[in-house]
Amino acid sequence: MPRQLREVVFVDGVRTPFGKAKGQYAETRADDLVIKCIRDLMRRNPSLPPERVDEVAIAATTQIGDQGLTIGRTAALLAGLPQSVPGFAIDRMCAGAMTAVTTTASGIAFGAYDVAIAGGVEHMGRHPMGEGVDPNPRIMSERVVDPDALVMGKTAENLHDRYPSITRDRVDAYAVRSQQKTAAAYDAGVIQRDLVPVATRSEQEGWGLALSDEPMRPGTTLESLGSLKTPFRSHGKVTAGNAAGINDGATAALLADEETARELGLPVRMRLVAYSFMGVEPEVMGAGPIPATEKALRQAGLGIDDIGAFEVNEAFAVQVLAFLEHFGIADDDARVNPYGGAIAMGHPLASSGVRLMTQLARQFEERPEVRYGLTTMCIGIGMGGTVIWENPHHTGSTDEKGDA
(Lines give C-alpha, C1' and ligand atoms only; values in the text may rest on other atoms or scores of the structure.)
Protein backbone atom coordinates (compact mmCIF):
# COMPACT_ATOMS: atom_id res chain seq x y z
CA MET A 1 0.00 0.00 0.00
CA PRO A 2 1.26 3.53 -0.73
CA ARG A 3 2.54 5.43 2.29
CA GLN A 4 0.88 8.62 3.48
CA LEU A 5 3.56 11.29 3.81
CA ARG A 6 3.68 13.04 7.16
CA GLU A 7 3.93 16.74 8.00
CA VAL A 8 7.50 17.79 8.82
CA VAL A 9 8.02 20.66 11.23
CA PHE A 10 10.92 22.82 12.29
CA VAL A 11 10.96 22.66 16.08
CA ASP A 12 14.00 24.73 17.01
CA GLY A 13 17.34 25.96 15.73
CA VAL A 14 20.49 27.27 17.35
CA ARG A 15 23.93 28.36 16.28
CA THR A 16 27.21 29.47 17.69
CA PRO A 17 28.20 33.08 17.18
CA PHE A 18 30.14 33.14 13.92
CA GLY A 19 33.82 33.99 14.07
CA LYS A 20 36.44 35.34 11.73
CA ALA A 21 38.94 32.83 10.40
CA LYS A 22 41.84 32.72 12.88
CA GLY A 23 39.72 34.84 15.19
CA GLN A 24 37.80 33.92 18.35
CA TYR A 25 37.70 30.20 17.49
CA ALA A 26 41.33 29.90 16.38
CA GLU A 27 42.02 27.36 19.15
CA THR A 28 38.52 25.81 19.31
CA ARG A 29 37.80 22.49 17.59
CA ALA A 30 35.15 22.35 14.88
CA ASP A 31 33.45 19.31 16.40
CA ASP A 32 33.23 21.06 19.77
CA LEU A 33 31.23 23.84 18.09
CA VAL A 34 28.72 21.26 16.80
CA ILE A 35 28.60 19.48 20.16
CA LYS A 36 27.73 22.75 21.86
CA CYS A 37 24.82 23.28 19.44
CA ILE A 38 23.43 19.76 19.92
CA ARG A 39 23.61 20.04 23.69
CA ASP A 40 21.86 23.39 23.66
CA LEU A 41 19.06 22.07 21.44
CA MET A 42 18.41 19.33 23.98
CA ARG A 43 18.61 21.80 26.89
CA ARG A 44 16.09 24.12 25.22
CA ASN A 45 13.66 21.26 24.63
CA PRO A 46 13.64 19.27 27.89
CA SER A 47 10.44 17.39 27.00
CA LEU A 48 12.36 15.52 24.27
CA PRO A 49 13.86 12.27 25.63
CA PRO A 50 17.36 11.89 24.11
CA GLU A 51 16.54 8.36 22.98
CA ARG A 52 13.73 9.71 20.79
CA VAL A 53 16.28 11.34 18.46
CA ASP A 54 16.39 9.03 15.44
CA GLU A 55 19.21 10.58 13.40
CA VAL A 56 21.92 13.24 13.49
CA ALA A 57 23.07 14.68 10.16
CA ILE A 58 25.93 17.20 10.26
CA ALA A 59 27.41 18.85 7.18
CA ALA A 60 30.94 20.05 6.52
CA THR A 61 32.43 21.15 3.23
CA THR A 62 35.97 20.21 4.15
CA GLN A 63 35.59 16.80 5.78
CA ILE A 64 39.05 16.52 7.23
CA GLY A 65 40.61 16.61 10.70
CA ASP A 66 38.16 17.74 13.37
CA GLN A 67 35.46 18.08 10.69
CA GLY A 68 35.89 14.49 9.55
CA LEU A 69 35.33 11.02 11.01
CA THR A 70 31.59 10.96 10.19
CA ILE A 71 31.02 14.04 12.30
CA GLY A 72 27.28 13.48 12.68
CA ARG A 73 27.95 10.28 14.60
CA THR A 74 30.96 11.43 16.63
CA ALA A 75 29.36 14.75 17.59
CA ALA A 76 26.20 12.94 18.70
CA LEU A 77 28.21 10.65 20.96
CA LEU A 78 30.30 13.48 22.38
CA ALA A 79 27.15 15.55 22.98
CA GLY A 80 25.85 12.79 25.25
CA LEU A 81 23.13 11.32 23.05
CA PRO A 82 22.58 7.58 23.55
CA GLN A 83 24.76 5.17 21.58
CA SER A 84 21.57 3.99 19.86
CA VAL A 85 21.32 7.33 18.02
CA PRO A 86 23.02 7.06 14.59
CA GLY A 87 24.60 9.88 12.64
CA PHE A 88 26.22 10.74 9.35
CA ALA A 89 28.12 13.49 7.52
CA ILE A 90 27.00 15.33 4.43
CA ASP A 91 28.51 17.74 1.91
CA ARG A 92 26.86 20.14 -0.51
CA MET A 93 29.32 22.96 0.04
CA CYS A 94 27.47 26.11 1.18
CA ALA A 95 24.14 24.26 1.35
CA GLY A 96 25.40 21.48 3.60
CA ALA A 97 23.17 22.27 6.56
CA MET A 98 20.26 22.99 4.22
CA THR A 99 20.74 19.55 2.67
CA ALA A 100 21.05 17.94 6.10
CA VAL A 101 17.64 19.44 6.89
CA THR A 102 15.95 18.39 3.64
CA THR A 103 17.46 14.90 3.74
CA THR A 104 16.36 14.16 7.29
CA ALA A 105 13.02 15.86 6.65
CA SER A 106 12.43 13.46 3.78
CA GLY A 107 13.09 10.59 6.16
CA ILE A 108 10.60 12.04 8.63
CA ALA A 109 7.96 12.48 5.92
CA PHE A 110 8.49 8.88 4.80
CA GLY A 111 8.26 7.55 8.35
CA ALA A 112 11.86 6.42 8.82
CA TYR A 113 12.38 8.96 11.62
CA ASP A 114 10.15 10.80 14.08
CA VAL A 115 12.79 13.24 15.31
CA ALA A 116 16.11 14.31 13.78
CA ILE A 117 18.90 16.80 14.38
CA ALA A 118 20.41 18.45 11.31
CA GLY A 119 23.10 21.09 11.05
CA GLY A 120 26.53 22.00 9.82
CA VAL A 121 29.94 23.31 10.74
CA GLU A 122 32.82 25.03 9.02
CA HIS A 123 36.10 26.00 10.63
CA MET A 124 37.53 27.87 7.67
CA GLY A 125 40.38 29.26 9.73
CA ARG A 126 41.65 25.75 10.34
CA HIS A 127 40.39 24.10 7.14
CA PRO A 128 40.32 26.49 4.17
CA MET A 129 37.85 25.64 1.43
CA GLY A 130 39.53 23.18 -0.91
CA GLU A 131 42.04 21.82 1.61
CA GLY A 132 43.15 18.37 0.51
CA VAL A 133 41.03 18.47 -2.66
CA ASP A 134 42.40 16.87 -5.82
CA PRO A 135 40.18 17.92 -8.75
CA ASN A 136 40.16 15.52 -11.67
CA PRO A 137 42.30 17.13 -14.42
CA ARG A 138 39.56 16.31 -16.94
CA ILE A 139 37.46 19.06 -15.32
CA MET A 140 39.78 21.60 -16.94
CA SER A 141 41.24 19.72 -19.88
CA GLU A 142 37.83 18.76 -21.22
CA ARG A 143 36.34 22.13 -20.36
CA VAL A 144 33.72 20.58 -18.09
CA VAL A 145 33.73 23.87 -16.20
CA ASP A 146 35.24 27.28 -16.71
CA PRO A 147 38.32 27.76 -14.46
CA ASP A 148 36.48 30.68 -12.80
CA ALA A 149 34.13 28.12 -11.24
CA LEU A 150 36.77 27.18 -8.69
CA VAL A 151 37.14 30.76 -7.39
CA MET A 152 33.93 31.97 -5.79
CA GLY A 153 34.81 35.64 -6.10
CA LYS A 154 35.32 35.27 -9.83
CA THR A 155 31.89 33.65 -10.17
CA ALA A 156 30.43 36.73 -8.48
CA GLU A 157 32.19 39.02 -10.94
CA ASN A 158 30.78 36.88 -13.76
CA LEU A 159 27.30 37.32 -12.31
CA HIS A 160 27.81 41.07 -12.47
CA ASP A 161 28.46 40.60 -16.19
CA ARG A 162 25.09 38.87 -16.52
CA TYR A 163 23.36 41.72 -14.67
CA PRO A 164 25.05 44.95 -15.81
CA SER A 165 22.35 46.97 -14.04
CA ILE A 166 23.76 45.76 -10.70
CA THR A 167 26.43 48.39 -10.21
CA ARG A 168 29.17 48.73 -7.62
CA ASP A 169 27.10 51.41 -5.90
CA ARG A 170 24.12 49.05 -5.62
CA VAL A 171 26.08 46.16 -4.10
CA ASP A 172 27.86 48.48 -1.68
CA ALA A 173 24.56 50.08 -0.65
CA TYR A 174 23.11 46.61 -0.06
CA ALA A 175 26.13 45.69 2.08
CA VAL A 176 25.71 48.81 4.22
CA ARG A 177 22.04 47.92 4.81
CA SER A 178 23.01 44.38 5.80
CA GLN A 179 25.38 45.74 8.45
CA GLN A 180 22.79 48.21 9.69
CA LYS A 181 19.99 45.62 9.88
CA THR A 182 22.19 43.15 11.74
CA ALA A 183 23.20 45.81 14.26
CA ALA A 184 19.53 46.75 14.75
CA ALA A 185 18.56 43.10 15.23
CA TYR A 186 21.22 42.73 17.91
CA ASP A 187 20.04 45.93 19.59
CA ALA A 188 16.50 44.50 19.63
CA GLY A 189 17.70 41.19 21.12
CA VAL A 190 16.47 39.13 18.18
CA ILE A 191 19.68 37.34 17.22
CA GLN A 192 20.86 36.50 20.73
CA ARG A 193 17.85 34.30 21.46
CA ASP A 194 19.22 31.54 19.24
CA LEU A 195 22.95 31.93 19.92
CA VAL A 196 24.87 29.38 21.95
CA PRO A 197 27.65 31.02 24.02
CA VAL A 198 30.97 29.29 23.40
CA ALA A 199 33.92 29.25 25.80
CA THR A 200 37.11 30.07 23.93
CA ARG A 201 40.79 29.87 24.77
CA SER A 202 43.80 31.72 23.44
CA GLU A 203 47.43 31.40 24.52
CA GLN A 204 47.73 35.17 24.24
CA GLU A 205 44.42 36.23 25.79
CA GLY A 206 43.46 33.27 27.98
CA TRP A 207 39.85 32.18 28.42
CA GLY A 208 37.01 34.06 26.79
CA LEU A 209 33.34 33.73 25.87
CA ALA A 210 32.01 34.16 22.33
CA LEU A 211 28.65 35.91 22.61
CA SER A 212 28.19 37.66 19.26
CA ASP A 213 29.16 37.43 15.62
CA GLU A 214 32.76 38.55 15.21
CA PRO A 215 32.64 39.69 11.53
CA MET A 216 30.13 42.52 12.14
CA ARG A 217 31.17 46.03 11.08
CA PRO A 218 28.25 48.25 12.17
CA GLY A 219 30.10 51.45 11.28
CA THR A 220 30.36 50.52 7.60
CA THR A 221 29.60 53.38 5.20
CA LEU A 222 29.37 53.73 1.44
CA GLU A 223 32.53 55.80 1.58
CA SER A 224 34.51 53.15 3.43
CA LEU A 225 33.31 50.41 1.07
CA GLY A 226 34.10 52.52 -1.97
CA SER A 227 37.79 52.56 -1.06
CA LEU A 228 38.15 48.75 -1.01
CA LYS A 229 40.07 46.88 -3.68
CA THR A 230 38.46 44.41 -6.09
CA PRO A 231 40.75 41.37 -5.70
CA PHE A 232 39.05 39.11 -8.24
CA ARG A 233 39.15 41.48 -11.22
CA SER A 234 40.84 44.72 -12.03
CA HIS A 235 38.22 47.48 -11.82
CA GLY A 236 35.66 44.88 -10.75
CA LYS A 237 32.74 45.17 -8.34
CA VAL A 238 33.26 42.42 -5.73
CA THR A 239 35.13 43.43 -2.56
CA ALA A 240 35.61 42.15 0.97
CA GLY A 241 32.93 44.63 2.01
CA ASN A 242 30.09 43.44 -0.25
CA ALA A 243 30.73 39.73 0.24
CA ALA A 244 30.69 37.32 3.17
CA GLY A 245 34.06 36.64 4.78
CA ILE A 246 36.02 33.53 5.70
CA ASN A 247 34.37 32.34 8.87
CA ASP A 248 34.05 29.68 11.58
CA GLY A 249 30.82 28.47 13.18
CA ALA A 250 28.22 25.75 13.62
CA THR A 251 24.44 25.33 13.57
CA ALA A 252 21.90 22.67 14.50
CA ALA A 253 18.15 22.30 14.07
CA LEU A 254 15.55 20.00 15.57
CA LEU A 255 13.02 18.55 13.12
CA ALA A 256 10.07 16.26 13.79
CA ASP A 257 6.88 14.76 12.49
CA GLU A 258 4.13 17.14 13.56
CA GLU A 259 2.19 14.51 15.50
CA THR A 260 5.33 13.52 17.38
CA ALA A 261 6.07 17.16 18.18
CA ARG A 262 2.57 17.58 19.62
CA GLU A 263 2.90 14.32 21.56
CA LEU A 264 6.18 15.44 23.14
CA GLY A 265 5.08 19.01 23.77
CA LEU A 266 7.61 20.46 21.34
CA PRO A 267 6.98 23.82 19.66
CA VAL A 268 5.96 23.87 16.00
CA ARG A 269 7.74 26.89 14.56
CA MET A 270 7.55 26.14 10.82
CA ARG A 271 6.06 23.53 8.50
CA LEU A 272 7.99 22.27 5.50
CA VAL A 273 6.15 22.92 2.23
CA ALA A 274 8.63 22.15 -0.57
CA TYR A 275 12.32 22.19 -1.40
CA SER A 276 14.43 22.12 -4.53
CA PHE A 277 18.07 22.05 -5.59
CA MET A 278 19.05 23.04 -9.12
CA GLY A 279 22.27 23.32 -11.11
CA VAL A 280 23.47 26.30 -13.16
CA GLU A 281 26.68 27.09 -15.03
CA PRO A 282 29.40 26.68 -12.38
CA GLU A 283 31.08 29.93 -13.41
CA VAL A 284 27.94 31.89 -12.38
CA MET A 285 27.01 29.86 -9.32
CA GLY A 286 25.38 32.91 -7.72
CA ALA A 287 22.45 32.52 -10.11
CA GLY A 288 21.55 29.17 -8.52
CA PRO A 289 18.80 30.42 -6.16
CA ILE A 290 16.72 31.62 -9.13
CA PRO A 291 15.89 28.25 -10.79
CA ALA A 292 15.82 26.49 -7.41
CA THR A 293 13.16 28.94 -6.20
CA GLU A 294 11.17 28.69 -9.43
CA LYS A 295 11.08 24.89 -9.12
CA ALA A 296 10.18 24.93 -5.42
CA LEU A 297 7.35 27.40 -6.10
CA ARG A 298 5.99 25.13 -8.85
CA GLN A 299 6.13 22.15 -6.52
CA ALA A 300 4.24 24.09 -3.86
CA GLY A 301 1.69 25.54 -6.28
CA LEU A 302 2.70 29.05 -5.21
CA GLY A 303 3.89 32.23 -6.88
CA ILE A 304 6.61 34.59 -5.71
CA ASP A 305 3.90 37.02 -4.53
CA ASP A 306 2.71 34.37 -2.05
CA ILE A 307 6.03 34.59 -0.20
CA GLY A 308 5.86 37.10 2.62
CA ALA A 309 9.27 36.52 4.20
CA PHE A 310 12.65 35.80 2.66
CA GLU A 311 15.97 34.69 4.13
CA VAL A 312 18.50 34.84 1.29
CA ASN A 313 22.09 33.91 2.06
CA GLU A 314 24.42 36.79 1.35
CA ALA A 315 27.46 35.00 -0.03
CA PHE A 316 27.81 38.05 -2.27
CA ALA A 317 25.60 41.12 -2.53
CA VAL A 318 25.34 40.65 -6.30
CA GLN A 319 23.89 37.16 -5.80
CA VAL A 320 21.07 38.52 -3.62
CA LEU A 321 20.39 41.44 -5.96
CA ALA A 322 20.31 39.18 -9.02
CA PHE A 323 17.69 37.04 -7.26
CA LEU A 324 15.62 40.08 -6.33
CA GLU A 325 15.91 41.63 -9.77
CA HIS A 326 14.81 38.41 -11.46
CA PHE A 327 11.67 38.24 -9.34
CA GLY A 328 10.90 41.96 -9.52
CA ILE A 329 11.64 42.63 -5.85
CA ALA A 330 13.18 45.92 -4.73
CA ASP A 331 16.72 45.98 -3.33
CA ASP A 332 15.44 47.28 0.01
CA ASP A 333 12.20 45.25 0.24
CA ALA A 334 11.34 44.89 3.94
CA ARG A 335 10.44 41.21 3.49
CA VAL A 336 14.04 40.31 2.65
CA ASN A 337 16.61 39.60 5.38
CA PRO A 338 15.11 41.99 7.96
CA TYR A 339 17.73 40.96 10.53
CA GLY A 340 20.66 41.33 8.15
CA GLY A 341 22.68 38.49 6.74
CA ALA A 342 25.99 36.84 6.00
CA ILE A 343 27.74 40.02 4.81
CA ALA A 344 27.55 41.17 8.43
CA MET A 345 27.21 37.93 10.41
CA GLY A 346 29.51 35.67 8.41
CA HIS A 347 29.09 32.59 6.24
CA PRO A 348 30.79 29.47 7.62
CA LEU A 349 29.84 27.55 4.46
CA ALA A 350 28.11 24.29 5.44
CA SER A 351 26.51 25.76 8.55
CA SER A 352 24.63 28.70 7.03
CA GLY A 353 21.44 26.98 5.84
CA VAL A 354 20.16 26.46 9.37
CA ARG A 355 20.95 30.06 10.29
CA LEU A 356 18.58 31.14 7.53
CA MET A 357 15.88 28.81 8.86
CA THR A 358 16.26 29.95 12.44
CA GLN A 359 15.90 33.58 11.38
CA LEU A 360 12.87 32.77 9.21
CA ALA A 361 11.25 31.09 12.22
CA ARG A 362 11.73 34.33 14.14
CA GLN A 363 10.20 36.29 11.28
CA PHE A 364 7.16 34.00 11.39
CA GLU A 365 6.69 34.53 15.12
CA GLU A 366 6.87 38.30 14.76
CA ARG A 367 4.69 38.47 11.61
CA PRO A 368 1.55 36.32 11.90
CA GLU A 369 0.13 37.97 8.79
CA VAL A 370 2.74 36.07 6.73
CA ARG A 371 1.76 32.57 5.67
CA TYR A 372 4.72 31.45 3.52
CA GLY A 373 8.43 32.18 3.63
CA LEU A 374 11.52 30.76 2.01
CA THR A 375 15.19 30.21 2.66
CA THR A 376 17.51 30.17 -0.34
CA MET A 377 21.22 30.15 -1.13
CA CYS A 378 23.74 29.76 -3.90
CA ILE A 379 26.05 26.75 -3.79
CA GLY A 380 29.61 26.26 -5.05
CA ILE A 381 30.25 24.48 -8.36
CA GLY A 382 27.06 25.95 -9.78
CA MET A 383 23.96 25.11 -7.75
CA GLY A 384 21.17 26.71 -5.79
CA GLY A 385 18.87 25.49 -3.04
CA THR A 386 15.49 26.73 -1.81
CA VAL A 387 13.21 25.56 0.99
CA ILE A 388 9.66 26.91 1.34
CA TRP A 389 8.07 26.96 4.79
CA GLU A 390 4.58 27.66 6.16
CA ASN A 391 3.97 29.80 9.23
CA PRO A 392 1.94 27.89 11.87
CA HIS A 393 1.25 31.21 13.59
CA HIS A 394 -0.41 32.61 10.48
CA THR A 395 -3.49 34.72 11.21
CA GLY A 396 -6.52 32.47 11.23
CA SER A 397 -4.53 29.35 12.09
CA THR A 398 -5.80 27.25 14.98
CA ASP A 399 -2.24 26.41 16.05
CA GLU A 400 -0.94 27.65 19.35
CA LYS A 401 2.24 29.64 19.19
CA GLY A 402 5.17 27.57 20.45
CA ASP A 403 7.74 29.07 22.76
CA ALA A 404 11.42 28.65 22.13
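Residues numbered from 1 in each chain as written. Predicted model: local features only at pLDDT ≥ 70, side-chain atom pairs only at ≥ 80, totals over all residues. Heavy atoms only, no water.

Structural notes on the nonpolar core
Just so we agree on the cut-off: Throughout this description, the term nonpolar core refers to a set of buried Ala, Val, Leu, Ile, Met, Phe, Trp, Tyr and Cys residues connected via side-chain atoms within 4.5 Å. The cut-offs for exposure are 20% and 50% of the maximum accessible area for each residue type, with area from a 1.4 Å probe on protein chains only; residues under the lower value are buried, those over the upper are exposed, and the others partly exposed. Each helix is a run of H or I in the DSSP string that is no shorter than four residues. Each strand is a run of E no shorter than two, and both are numbered from the N terminus. Contacts: residue pairs with any heavy atoms within 4.5 Å of one another.
Among the nonpolar cores identified, the biggest contains 39 residues, and I307, F310, F316 and F323 are the most heavily contacted of them. At the level of secondary structure, the elements contributing two or more residues to this core comprise helix 5 (152-162), helix 6 (168-187), helix 9 (289-300), strand 10 (307-312), helix 10 (317-326) and strand 11 (372-379). Element by element, the count of residues in this core is highest for helix 10, at seven residues. Contact partners of F316, with chain neighbours within four places excluded, come to M152, G153, A156, V238, N242, A243 and M285. Within the second largest apolar cluster, 38 residues are counted, among which are A59, A95, A105 and F364.

Focus: the UniProt feature "domain: Thiolase C-terminal" (unreviewed entry) in the protein chain
The test is simple: UniProt positions are given in the numbering used here, feature names are shortened, and annotations may be inferred rather than shown by experiment.
Feature annotation in UniProt assigns "domain: Thiolase C-terminal" (unreviewed entry) to the following positions: residues 269-390. Helix makes up 34% of residues 269-390 and strand 26%, whereas the separation of the span's terminal C-alpha atoms amounts to 9 Å.

Here we look at the domain arrangement of the protein chain
Rule in force here: Domain start and end points were adopted from an automatic or database domain assignment. We define buried area as the total accessible area lost by two parts upon association, computed with a 1.4 Å probe and summed across both. One side-chain nitrogen of Lys or Arg within 4 Å of one carboxyl oxygen of Asp or Glu is enough to make a salt bridge. Counting of polar contacts relies on pairs of N or O atoms within 3.5 Å, with two restrictions inside protein: one atom must be capable of donating a hydrogen and the other of accepting it, and residues adjacent in sequence are counted only when both atoms are side-chain atoms.
Examined at the domain level, the protein chain breaks down into domain 1 (8-128 + 245-271) and domain 2 (144-190 + 272-390). The partner domain 2 presents 36 residues to the 39 residues of domain 1 that form the contact. Both faces considered, domain 1 and domain 2 share a buried interface measuring about 3000 Å² in area, 70% of it formed by carbon and sulfur atoms. Together, C94, M98 and R271 form the three largest contributors to the area buried by domain 1 at its contact with domain 2, with a combined 25%. The residue E365 makes a salt bridge to R269 at a minimum N-O spacing of 3.0 Å. Remark: the boundary between domain 1 and domain 2 carries nine residue pairs in polar contact (both at pLDDT 80 or more). When contributions to the side of domain 1 that touches domain 2 are tallied by element, the ones reaching two or more residues are strand 1 (8-15), helix 3 (96-110), strand 5 (115-123), strand 8 (247-257) and strand 9 (270-279).

Here's the deal with the pattern of salt bridges
Applying the stated criterion across every chain, the model contains 27 salt bridges. The shortest N-O distance in the salt bridge between R170 and E325 comes to 3.0 Å. Within this pair, whereas R170 is found in helix 6, its partner E325 is found in helix 10, the two being separated by 155 residues in sequence. In the salt-bridge network here, residues are joined through shared partners; they are D12, R44, D194, R269, R362 and E365.

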